[in-house]
Amino acid sequence: MSDQKVTALVTGASAGLGAEFCRQLADRCDVIIAVARRAERLQALRSELADRVELHPIEADLNSVEGVARTMEAMRQLGPVDYLVNNAGFSTYGYFADLDIDGSRDMVSLHIDASMTLCRAAVPFMRERGRGYIINLSSIGAFLPGKGLAVYGASKAFLNFFSLALQAELEGTGIEVQALCPGYTHTEFHQEIEQQGFDKSLIPAGMWMQADAVVAASLAALGSGKVLVVPGEQNLKLARAGCQQLLDAL
Ligand SMILES: NC(=O)c1ccc[n+]([C@@H]2O[C@H](COP(=O)([O-])OP(=O)(O)OC[C@H]3O[C@@H](n4cnc5c(N)ncnc54)[C@H](OP(=O)(O)O)[C@@H]3O)[C@@H](O)[C@H]2O)c1
């Protein structure tokens, strides 16, 4: 345990936004604890970043009690963490009643239970030191309850509400909480849902963002006091339209 080193823990670091968070946090951190199931991907990331940061790959399935416990143990041994990025996530695609319940339950477990558990583990140390950043990976889908993504959107809406309330509770502690709400971003995320009928080609090219721009927007927003961060003007418009729909539903 070191108080001198700046340390980050990033879940879902083997691909997409999580790997990009590691790349960009390498400029701010001495140590990164990188968590995912695909160990070989984490090793490759460690090699890629070897001369910039000390990266510790932790192979863990955050949908298992054992995987969460291993991650918490890494946090205890290598922490305290200054940055906690709860990024690991996935989606199913299809009408709720037609989908296997296991996928829905796994989304809730990964997006909600694992994120909440890691927040609970990190916050006391952050509070004691009077600093820390928590980034919970939400989605623009949190603002847009939509067919085919009922549980995904709802699990991300949980992260928005949770992050807003947690930030309010932590006011004056030096800890900042962010719920990052990206729109369509080029990562591996859509590969699986394409097999379930999601048609990527229907999304206009202008709606897509690159992972590096999304992560840069997230890190740039730290210090601004903003909890809900929606990268991209087009996404902000959509999020606002989604909020209006909620008001109209009252
Ligand atoms: N891409 C988008 O358009 C988009 C938009 C809005 C929000 N998001 C959110 O951004 C986050 C990152 O997604 P991405 O776009 O970067 O997708 P991605 O490229 O598919 O990466 C997902 C990451 O999550 C990890 N993961 C999945 N299940 C896991 C589990 N059970 N235990 C541990 N790690 C697990 C994967 O690692 P392993 O498979 O190696 O375990 C991978 O590193 C997600 O929370 C997603 O909901 C994405």
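Each remark here, short or long, concerns the structure printed above.
The numbers attached to residues start from 1 for each chain and follow its sequence in the written order. Only residues with pLDDT of at least 70 are given local features in this predicted model, and only at 80 or more are side-chain atom pairs given and counted; all residues enter the totals for whole chains, interfaces and linings.

Considering the overall build of the protein
1) Next: Every helix listed is a DSSP run of H or I at least four residues long, and every strand listed is a run of E at least two residues long, numbered separately from the N terminus. Summing up its helical and strand segments, the protein has eight helices and nine strands in all.
2) Next: Out of the 250 residues in the protein, the part that is buried amounts to 39%.
3) Next: Here contacts are defined at the residue level, using C-beta atoms placed from the backbone and a cut-off of 7 Å between them. Counting only contacts in the protein whose residues sit at least 6 apart along the sequence, the fraction spanning at least 24 positions is 66%. Put simply, a residue is buried when 20 or more other C-beta atoms lie within 10 Å of its own C-beta and exposed when 12 or fewer do; between those, it is partly exposed, and each C-beta is set from the backbone.

A short note on the packing of helix H3 (residues 65-78) against helix H4 (residues 101-129)
1) Next: Here the axes come from fitting lines to C-alpha atoms, over the contacting stretch only for helices, and the angles between their N-to-C directions go from 0 to 180 degrees. Here H3 crosses H4 at 25°, and the two axes come no closer than 11 Å. By the criterion of interaxial angle, the relationship of H3 to H4 is roughly parallel. Our pair here, H3 against H4, has a crossing hand that is right-handed. Residue-level contacts link Val-68, Thr-71, Met-72 and Met-75 of H3 to Ala-114, Thr-117, Leu-118, Ala-121 and Ala-122 of H4. Any angle between 65 and 115 degrees counts as roughly perpendicular, while under 35 counts as roughly parallel, over 145 as roughly antiparallel, and the rest as oblique. Handedness of a helix crossing follows the sense of rotation of the near helix relative to the far helix, less than a right angle counterclockwise being left-handed and clockwise being right-handed.

Topic: the site of the ligand
1) Next: Each residue gets a C-beta atom placed from its backbone. Should that atom fall within 6 Å of a molecule or strand, the residue is termed near it. Around the ligand sit 28 residues in total, of which Gly-12, Gly-16, Arg-37, Arg-38 and Gly-89 are the nearest.
2) Next: Looking at the shell around the ligand, the element that brings in the most residues is helix H1 (residues 16-25), giving three residues.
3) Next: Gly counts as polar in this scheme, as do all residues outside two lists: the nonpolar Ala, Val, Leu, Ile, Met, Phe, Trp, Tyr, Cys and Pro, and the charged Asp, Glu, Lys and Arg. In terms of residue class, the shell around the ligand is made up of 12 nonpolar, 11 polar and five charged.

Thoughts on the environment of Gln-191
1) Next: In this fold, Gln-191 is placed in helix H6 (residues 189-194).
2) Next: For Gln-191, a count of 12 C-beta atoms within 10 Å puts it in the exposed group.
3) Next: A C-alpha to C-alpha distance of 16 Å links Gln-191 and Met-107, two positions 84 residues apart in sequence.

Section: the sheet that holds strand S4 (residues 83-86)
1) Next: Any two strands are treated as partners once DSSP identifies two or more bridges connecting them. Taken together, seven strands build an open sheet; the order of strands is S3-S2-S1-S4-S5-S6-S9 and the sheet is parallel. One side of each edge strand has no neighbouring strand; the edge strands of this open sheet are strand S3 (54-59) and strand S9 (228-229).
2) Next: Sheet contacts for H1: strand S1 (7-11), strand S2 (31-36), S3, S4 and strand S5 (132-137); angle to S1, the most-contacted strand, approximately 165°.

Some details on H3
1) Next: The terminal C-alpha atoms of H3 lie 20 Å apart, and with 14 residues this matches the ideal 20 Å at 1.5 Å per residue to within 8%.
2) Next: Structurally, H3 contributes buried residues whose contacts are with S1, S2, S3 and H4. The span one expects for a helix is its residue count, reduced by one, times 1.5 Å.

Some thoughts on the pairing of S4
1) Next: Residues of S4 alternate between two faces, with Tyr-83 and Val-85 on one and Leu-84 and Asn-86 on the opposite face, all of them buried.
2) Next: As paired elements, S1 and S4 share three bridges and run parallel to each other. Bridged to Leu-9 within S4 is Leu-84.
3) Next: Pairing analysis gives four bridges linking S4 to S5, with the strands arranged parallel. Along S5, the bridge assignment pairs Leu-84 with Ile-134.

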